[in-house]
Amino acid sequence: MHLIRKPRWALPENRVTPEAVWLDRRRFLAAAGFAGITAGIGAGIPVGRVHAATAESPWTPAPETNPAYADAGRPVTDEGINSTYNNFYEFGSHKRIAGDAQALETEGWTIQIDGLVEKPFEIGTDDLLKQIGVQERIIRHRCVEAWSMVVPWIGFPLKDLVALAKPLGSAKYVRFETFHDPNVAPGQLQFWYPWPYVEGVTMAEAENELSFLVVGAYGKVLHKQFGAPIRLHLPWKYGFKSVKSIARISFVEEQPLSFWEELQASEYGFWANVNPEVPHPRWSQATERVLGTEERIPTQLFNGYAEEVAHLYTGMEEGLGERLWR
Ligand code: MTE
């Protein structure tokens, strides 16, 4: 049985230990060889215009921006802010994991595809990218913690991978699993978390145009702290559904039990659709803090992507909340 601990991102930001943040940041700066702290954000939390070194774009010419997702209605969040403010519990239960996440070895990464498919197989991300073309999308990203960003992701629709996997008719959900290697990710030594990180979506959600497998950001190969070499992004759901560093994708009949749901089901449910009308049990979801500008803006239903996804939840509208949330 796991000891139930609330995720750190469930705490108000003014309870994040500034010293720990500073210490971690110093370590990161030393490791990455960068300098240049500038303005701070949040409750005195320093944020610099630095980010971990990433490989330059392997894509020539640069991936085209999908015209349907070329404008998120707000400016793209500065790369330095985004790449130094990440949730990746495998590397620590705080936001400054960028330095430690560089330990992640992504060369030769493979993904296991199994469960209810015609034939299980394992595929390298490099091989995957030879078969599926990439595109750029400028997309809103909203964390359950009530902060948000706009990110220029590079990747491909999850439905392209579903087609490659050839799921059987009996598959009802897609289950995603992050790598498990405590030697690389010391956070995985914290026994009270149910490692590896697991998330899941319904087949209909997986086949929705918005579900995106991400392999790059800001024109580059995906930064390790963003969940290299391949992570999911579901822009209409709270960020915790967007599982990082995926090592296994399974097609299953039962609704997968996700990492945070296993820890605290009453607060982090399976659906987790962004909904300003349904408060988290401990705070409001009516507004969000835009990282970088510090503006507080109203949160939109489905994070503003209702047109694309609302139909997935027909029949669940009652209260547009409890049931969508949990
Ligand atoms: N995936 C893994 N494997 N481990 C994590 O800790 N954190 C989640 C999600 N995916 C997490 C994860 C949470 S809570 C959020 S908000 C987003 O990743 C953060 O993504 P970002 O760092 O790119 O903003």
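Described below are features of the structure shown in this document. (Residues numbered from 1 in each chain as written. Predicted model: local features only at pLDDT ≥ 70, side-chain atom pairs only at ≥ 80, totals over all residues. Heavy atoms only, no water.)

A short note on the pairing of strand E6 (residues 147-157)
Judged by how many residues are buried, E6 sits mostly within the fold: eleven of eleven residues are covered. The pairing of strand E5 (residues 135-142) with E6 spans eight bridges and is antiparallel. Bridge assignment links His141 to a residue of E6, and that residue is Met149. Hairpin geometry of E5 and E6 is characterised by an intervening segment of four residues between the two adjacent antiparallel strands and by a positive phi of about 80° at Ala146. By the bridge criterion, two bridges tie E6 to strand E13 (residues 287-290) in an arrangement that is parallel. Looking at E13, one finds that Trp147 is bridged to Arg289. Bridge count between E6 and strand E9 (residues 212-217): five bridges; the pairing is antiparallel. Bridge pairing links Pro157 to Phe212 in E9. (Buried < 20%, exposed > 50% of the residue type's maximum accessible area, 1.4 Å probe, protein only. Helix = DSSP H or I, 4+ residues; strand = E, 2+ residues; numbered from the N terminus. Pairing = 2+ DSSP bridges.)

What to know about the packing of aromatic side chains
Scanning all chains against the criterion turns up 22 aromatic pairs. Between the aromatic rings of Phe191 and Trp192, the centroid separation amounts to 5.1 Å while the plane-to-plane angle is 80°, which identifies the pairing as edge-to-face. Given a relative accessible area of 62%, Phe191 falls into the exposed group. Each member of the aromatic cluster is reached from another via a ring pair, and the members are Tyr89, Phe191, Trp192, Tyr193, Trp195, Tyr197, Phe240, Phe259, Trp260 and Tyr268. Sitting over the ring of Tyr305, Arg140 keeps its end group 4.3 Å from the ring centre. (Phe/Tyr/Trp six-rings, centres within 6.5 Å; stacked < 30°, edge-to-face > 60°. Lys NZ or Arg CZ within 6 Å of the ring centre and 35° of its normal.)

Observations regarding the environment of Ser93
Within the secondary structure layout, Ser93 lies in the loop between helix H2 (79-82) and helix H3 (98-101). When its relative accessible area of 13% is taken as the criterion, Ser93 is described as buried. Sequence separation between Ser93 and Gly187 is 94 residues, and the spatial gap between their C-alpha atoms is 7.4 Å.

Considerations on the sheet that holds strand E7 (residues 173-178)
The strand order across the open sheet built from five strands is E4-E3-E12-E7-E8, with neighbouring strands paired in mixed fashion. The strands lining the two open edges of the sheet, one partner per strand, are strand E4 (121-124) and strand E8 (198-202). On average, each strand axis in the sheet is tilted by 20° relative to the strand beside it, whichever way the strands run. Summarising the sheet, strand E3 (residues 110-115) and E4 pair through four bridges and their orientation is antiparallel. The residue bridging Ile111 from the neighbouring strand is Ile123, located in E4. (Axes fitted to C-alpha atoms, helices over the stretch in contact; angles between N-to-C directions.)

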